[in-house]
2 protein chains.
Amino acid sequence: MADRNLYLNNGTIEESLDLFASLLGKQQLVREPVLVDVKNSLGLRTAQPVFALANSPLRDCAAMDGIAVISAKTQGAGESRPLELAKGEFEHIDTGDPIYTPFDAVIMAEDIVEGNGGRVIIRAAAAPWQHVRPVGEDIVQGEMILPRGHAIRPFDIGALLSGGISEVLVYPKPTAAIIPTGTELVEIGGKIEEDSIIDSNSWMLAALVEEAGGAATRLPIVADDLESIKKTLLDAAGSHDIVLVSAGTSAGREDYTVRAISEIGQVAVHGVAMKPGKPVILAIVEGKPVIGIPGYPVSAYLAYDTFVAPVLGAMANTTQASAQTVKATLSRKMVSSLKYREYVRVKVGDVNGRLVASPLERGAGAAMSLVRADGFCIIGQESEGLEAGSEVDVLLCRSLEELGSTVVSIGSHDLILDVIADLLPNLYPGNHLSSVHVGSMGGLLALRNNEAHIAPTHLLDEATGAYNVPAIKTMFAGVPMALIKGVGRVQGIMAKAGNPLGITGIESLPDVRFVNRQRGAGTRLLFDFLLKNAGIPTTTINGYGREAATHMALAAAVKGPGADAGIGVLSAANAMGLDFIPVGVEEYDFAIHASDLEKEHVRCFIEVLKHPQFHMQLEALGGYSAGRCGEVEIIG
Amino acid sequence: MADRNLYLNNGTIEESLDLFASLLGKQQLVREPVLVDVKNSLGLRTAQPVFALANSPLRDCAAMDGIAVISAKTQGAGESRPLELAKGEFEHIDTGDPIYTPFDAVIMAEDIVEGNGGRVIIRAAAAPWQHVRPVGEDIVQGEMILPRGHAIRPFDIGALLSGGISEVLVYPKPTAAIIPTGTELVEIGGKIEEDSIIDSNSWMLAALVEEAGGAATRLPIVADDLESIKKTLLDAAGSHDIVLVSAGTSAGREDYTVRAISEIGQVAVHGVAMKPGKPVILAIVEGKPVIGIPGYPVSAYLAYDTFVAPVLGAMANTTQASAQTVKATLSRKMVSSLKYREYVRVKVGDVNGRLVASPLERGAGAAMSLVRADGFCIIGQESEGLEAGSEVDVLLCRSLEELGSTVVSIGSHDLILDVIADLLPNLYPGNHLSSVHVGSMGGLLALRNNEAHIAPTHLLDEATGAYNVPAIKTMFAGVPMALIKGVGRVQGIMAKAGNPLGITGIESLPDVRFVNRQRGAGTRLLFDFLLKNAGIPTTTINGYGREAATHMALAAAVKGPGADAGIGVLSAANAMGLDFIPVGVEEYDFAIHASDLEKEHVRCFIEVLKHPQFHMQLEALGGYSAGRCGEVEIIG
């Protein structure tokens, strides 16, 4: 049956969407509208304009507490000419009470004086219709309250009920089935085998569907068995509006899924010119859209946002996508290929009221990179790249409000950044810390490009033995800078628990399998310095070129079967239960533009560094001294 | 027991919140955290930092499909020096498969050639650890995945599961009981008595709580009976985290609620210096916060946003309020009082990339004004007003994205605006029309102040008999303008069905109860013109000063018991089933800055005017001619 499938391979996103749409037929996608109780309609989208069935107020009524009067009979009353109204010439009335003929005005309670025999005295004439809310002042019967295609908000519910509407015709929530496939997948908490992978993508997809206003059902994991996949797919397509097939990450998997789909349905697209996210499948089974989602988390998210979100939108007859897009200024040049549209994860910082997008690592990446990213910068397929300073579109993963109160840290990694990220919003609510780990030099470069507020750094000036200040002076000549003092921290060699190879110091390293830090990391520069002092050539180190991006990642590698030793901080060795051979103490501080010191979130950041709770946690981590922590040193 | 209640009356919002907080005790408000399944944690807020329990990937694994090799044994291979690897020297491997010692690198499938006897031939050496994803590359065991106080997003769920986390400690949804009070309140669909009011506020409040992530229970309507209110309050406070008492709109109601609360609890605040929203009650019953919400919809919304949202936030140990605040430029001067903080409804338009806030009507207002407003501009209590051009804080009721694609119309009212508002997003998805009705002259003034994109107008130049162009030329001398032609429409006198008073034309009006349109409305100017021509003084018209803001509101008044006739368009008379005596045909067009004609949403607006669906609906409304509809006339 494969010849039935005239599919597009590696087309542009637009071509792929067009081909998919023509196969699906847009109008067929739109769900049949349903009548729902207005009280339960929050967030649903109207399928037709809604016209008021009743006036609000229902009749002319008092806008104030006081008396209803016949305005003509009050003429002539004045400050010096009080007028007495007899019973029957007025009526006591409360706000909201109806006004009936012959009354046509209201005098406020504070402007009347009680007279004898139930009479009242007024000292000003009433203008006709004063303090009267006319019938339909708020809502007029027959008036349109909501246009069609409107997502219902809380105050819309209030207005609909006031307008006498009890039920409203809306598009129902689209239902989505999510099928995780892969023999190596296990449920969280399940038994972990040698090649197991914990399934997480299917739950992320379910949450994305729910967040977009759909109803998601995540089905049980399906092993790599053609008949099982086909059966599950057929069942799911029969009972849901859309089916997402989450592929495992092992090879050939997509071919497997595509084969299953093509045997029971039609494949429109297999592979799209986007990066990450290329191995997407767009297909139809039993008349329902089926989308094959790639296995890497970042690819899965982008496939969702690019292909699933528009289909969910079409089901409610709207084109709104799920992610918010903003304009930002690109901080650095980015090169891309004409072969695909590329999505690059970025940090977005509010730098002096201007949104600045700073590219993070590329690649299909992983779950944490989505947690850390603020959004994706899109480089069109027609573009070979973008210059620094270009205006770019950024698909946000985080609210603009949160971005505005986030201290952006780019530079060297240390575990204390996690501690600060946790304490900051807790001690000073509304403020956040977001960290990117690129090493000390990379951080100072980012600071110079205005990509970050602070740059954690631990750079030794070999000539003077001083930390950080010389490097900052060199890189920021003439710019007013400051150093927020951080911690003294112990660096050393991490070895497996019990130190089975008997590592004693730098001199032991040529004999073991080593893991290094990435280029530009201060810890690597320290290691180079130590090797040079000890007269050990880097070429004798087995694993000098094997890089870990953080202290923790390095510690995890040393703990694993593939390595014996690495270099890093005591706290990471402690966290991972490793042995540790100290090689020195260094100063880990935060470089900052002096002009940023007065910013609210920066001041809160400094307060955290001085806070007893922070110092208690340093104590618990081990390997830190915090004598000058939070002091600010101006570098002139 | 009233003497127990040392309450604050008419204090500032801050004083009121402080007093309430000191009575409640902030820490007592925070809900006890609960463990929930990560899969069901979307939108909940973490109560403690979450650290990974597992590495991801769980071990070193292949990043590509191909073969695992020992890098040292591949050295020397080159394009001209193919190297053959024997069985055991390599292993076929798929992406995600584990890499075990002695293997330390992967060669991609496309770079190998199958040899004889299960051997493979390579033509390039492998660098150590190439194409290997090291253990913990994505997530390292012990690393912080989320800080505390973080609202969980879909990709956070993915990262938590990948990090081996199955349950997460979060703050539970706060539960809120909402008690509608008032003998005159009826449920939607219930029997309407003379003084009935359909309860809508309690459902709006329930939806606001749900939208903020709480769980709302709206209790049945409670009549104005002290014991019933007390009993309901006690029950609700016993079983919910917070209780909202929605007062009716009739007088004395708030005193009634405050009395009930003070007899069973403590009142901290009764009345706050804010406008609208003054009659708020902040109290405690059974240790739970109880908030009395004023009856007018706008007051109710502001009381929610100012007092309820922060308490709901505190329950999840966060300070985030519910509404988004943005900076905008004020288009017109606004005067306010030092007596209170004032919230003025505004339209927010994206005018040339700058957010401009234009004040709407003031007052406690009504349900529809919330539907129509884009947000609230806040004038602090310390301020006597704000100058045009000031930067102001605006509390948004609508997303920024939607604001950016909305045609803002300020000017004369006609029913066709509803039709366009409905068709525009339907025919050209993503585009919206938002209308404010201030009459033709008011619209042109708004256009001159850059508050609107278009100004619907029907202004007759008495000297030439021409519509609109002369008025625009006068008001915009030297500015490139255009007129988008709208409809010819029939104006006339509306009378009750069957015309019981036998109204024949303008000459009949001095004998009946009349309803006029507001000052500045083109229809009122037309009426003045007709009266002048007929030699009838305005003072002889009973109701000349009685104003309705729209054609529909006027028609509703004529239909009601308090009036006999009014002036307006045929379509409104038709919609309300009234008799109609035509007095003339006029041109209802749209003034616009010529520079705005090329904007995407404006072009869509013009397309709607030409669209067959629009013309069909005009036909159905009656009283319109559409010969030049959508034509653009440049006014040079």
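Residues numbered from 1 in each chain as written. Chains lettered and ligands numbered in written order. Predicted model: local features only at pLDDT ≥ 70, side-chain atom pairs only at ≥ 80, totals over all residues. Heavy atoms only, no water.

### What about the overall build of chain A?
From N to C terminus, chain A includes 17 helices and 39 strands. Rg of the C-alpha trace for chain A: 34 Å, well past the compact-globule value of 26 Å for 636 residues, more than 25% over. With the C-alpha coordinates of chain A rotated into their principal frame, the extents come out at 110 × 75 × 45 Å. Residues counted as buried form 59% of the 636 residues belonging to chain A. Sequence separation of at least 24 residues holds for 76% of the intrachain contacts in chain A that already meet a minimum separation of 6. Of the roughly 24,200 Å² that chain A leaves accessible, carbon and sulfur atoms contribute 52%. (Helix = DSSP H or I, 4+ residues; strand = E, 2+ residues; numbered from the N terminus. Rg over C-alpha atoms; globule rule 2.2 N^0.38 Å. Buried < 20%, exposed > 50% of the residue type's maximum accessible area, 1.4 Å probe, protein only. Contact = heavy atoms within 4.5 Å. Areas by Shrake-Rupley, 256 points an atom, 1.4 Å probe, with all protein chains shown as cover.)

### What to know about the packing of aromatic side chains
Tallying each qualifying case throughout the model produces 14 aromatic pairs over all chains. On the numbers, 6.4 Å between centres and 25° between planes, the contact of A:Phe527 with A:Tyr544 is stacked. A residue pair is termed long-range when its members are at least 10 positions apart, and A:Phe527 in helix α13 (residues 522–534) and A:Tyr544 in the loop between α13 and β35 (547–548) qualify at 17 residues. You'll find A:Phe527 and A:Tyr544 in the same group, each marked buried. Feature note: the residues A:Phe155, B:Tyr301, B:Tyr343 and B:Phe376 constitute an aromatic cluster, connected by ring pairs. Directly above the aromatic system of B:Trp129 lies the positively charged group of A:Arg546, at a separation of 3.2 Å from the ring centroid. (Phe/Tyr/Trp six-rings, centres within 6.5 Å; stacked < 30°, edge-to-face > 60°. Lys NZ or Arg CZ within 6 Å of the ring centre and 35° of its normal.)

### Looking at the nonpolar core
Residues A:Ile416, A:Ile420, A:Leu433, A:Phe590, A:Phe605 and A:Phe614 are the most contacted members of the largest nonpolar core, which totals 50 residues. Contributions of two or more residues to this core are made by α10 (416–427), β33 (481–495), α14 (551–559), α15 (570–575), β37 (579–593), α16 (600–610) and α17 (612–621) of chain A. Other than its neighbours up to four places away in sequence, A:Leu433 contacts A:Thr406, A:Val407, A:Ser409, A:Leu417, A:Ile420, A:Ala421, A:Leu424, A:Ile454 and A:Phe605. One finds A:Val140, B:Val487, B:Leu618 and B:Tyr624 within the second-largest nonpolar core, a separate group that totals 49 residues. (Core = buried A, V, L, I, M, F, W, Y, C linked by side-chain atoms within 4.5 Å.)

### What to know about the relation of the copies chain B and chain A
Of the transformation superimposing chain B on chain A, the axial component is 0.0 Å and the angular component is 180°, with the fit at an RMSD of 0.1 Å. With respect to symmetry, the two chain copies, as superposed, fit the operation of a two-fold axis. Residues of chain B ranked by C-alpha distance from the rotation axis are headed by B:Leu400, positioned 5.3 Å from it. The share of interface residues of chain B whose copies in chain A are also at the interface is 99%, consistent with both copies meeting through the same surface. (Least-squares fit on C-alpha atoms with pLDDT ≥ 70 in both.)

### Let's talk about the side chain of B:Asp241
Residues and elements named next belong to chain B. Structurally, the position occupied by Asp241 is in the loop between α5 (226–239) and β18 (242–246). Its relative accessible area of 14% is what places Asp241 among the buried residues. A distance of 2.9 Å separates a polar atom in the side chain of Asp241 from the backbone nitrogen of Thr175. Among residues more than four places away in sequence, those in contact with Asp241 are Arg31, Lys173, Pro174, Thr175, Lys288, Pro289 and Met315. (Polar contact = N/O pair within 3.5 Å; in protein donor to acceptor, adjacent residues only side chain to side chain.)

### Focus on the environment of B:Val106
All names here are of chain B. In this fold, Val106 is placed in strand β8 (residues 105–108). Expressed as a C-alpha distance, the spacing of Val106 and Gly545, which sit 439 residues apart in the sequence, is 87 Å. Among all residues touching Val106, those that are not within four sequence positions of it are Ala62, Met64, Ile67, Ile93, Ile99, Gln130, His131 and Val132.

### A word on the pairing of strand β22 (residues 288–293) of chain A
Residue and element names in this part refer to chain A. In terms of burial, β22 is a largely internal element, 5 of the 6 residues being buried. Inspection of the sheet shows strand β18 (residues 242–246) paired to β22 by 4 bridges, in the parallel sense. The residue bridging Val243 from the neighbouring strand is Val290, located in β22. Bridge count between strand β21 (residues 281–285) and β22: 5 bridges; the pairing is antiparallel. Note that in β22 the partner of Val285 across the bridge is Lys288. Connecting β21 to the antiparallel partner β22 that follows it, the hairpin turn spans 2 residues, and Glu286 within it adopts a positive phi of roughly 55°. (Pairing = 2+ DSSP bridges.)

### Description of the sheet that holds strand β2 (residues 45–46) of chain A
Residue and element names in this part refer to chain A. The strand order across the open sheet formed by 3 strands is β1-β13-β2, and the pairing between neighbours is antiparallel. This sheet does not close on itself; its edge strands, each paired only once, are β1 (34–37) and β2. Bridging between β2 and strand β13 (residues 167–171) involves 2 bridges; their strand directions are antiparallel. The residue of β13 that forms the bridge with Arg45 is Tyr171.

### Things to note about unusual backbone geometry
The residue after A:Ser56, namely A:Pro57, is reached through a cis peptide bond having omega -5°. Residue placement: A:Pro57 occurs in the loop between β3 (50–51) and β4 (61–62). That bond from B:Thr101 to B:Pro102 is cis: its omega, 10°, falls within 30 degrees of zero. Within the secondary structure layout, B:Pro102 lies in the loop between β7 (90–93) and β8. Located in the positive-phi region is A:Glu286, a residue other than glycine, with phi close to 55°. Structurally, A:Glu286 can be placed in the loop between β21 and β22. By relative accessible area, A:Glu286 is classed as exposed at 53%. With a phi close to 45°, B:Asn499 is a non-glycine residue in the positive phi region. In this fold, B:Asn499 is placed in the loop between β33 (481–495) and β34 (514–517).

### Here's the deal with the environment of A:Ser508
Residue and element names in this part refer to chain A. Among the secondary structure elements, Ser508 is positioned in the loop between β33 and β34 (514–517). Take Ser508: its relative accessible area is 12%, and that puts it in the buried class. Measuring from C-alpha to C-alpha, the distance between Ser508 and Ala565 comes to 9.9 Å, with 57 residues separating the pair along the chain. In contact with Ser508, not counting residues within four places along its chain, are Gly502 and Ile503. Only 2.9 Å separates the side chain of Ser508 from the backbone nitrogen of Thr504, close enough to count as a polar contact.

### Regarding the sheet that holds strand β5 (residues 66–69) of chain B
Residues and elements named next belong to chain B. The sheet built from 3 strands is open, its strands ordered β7-β5-β8 with antiparallel pairing. Every other strand in the sheet has two partners, leaving β7 and β8 as the edge strands with one partner each. With strand direction ignored, the average angle separating the axes of adjacent strands in the sheet is 30°. Both β5 and β7 contribute to a ladder of 4 bridges, which runs antiparallel. Bridging across to β7, Gly66 finds its partner in Ile93. (Axes fitted to C-alpha atoms, helices over the stretch in contact; angles between N-to-C directions.)

Just distances and angles here, no functional claims.
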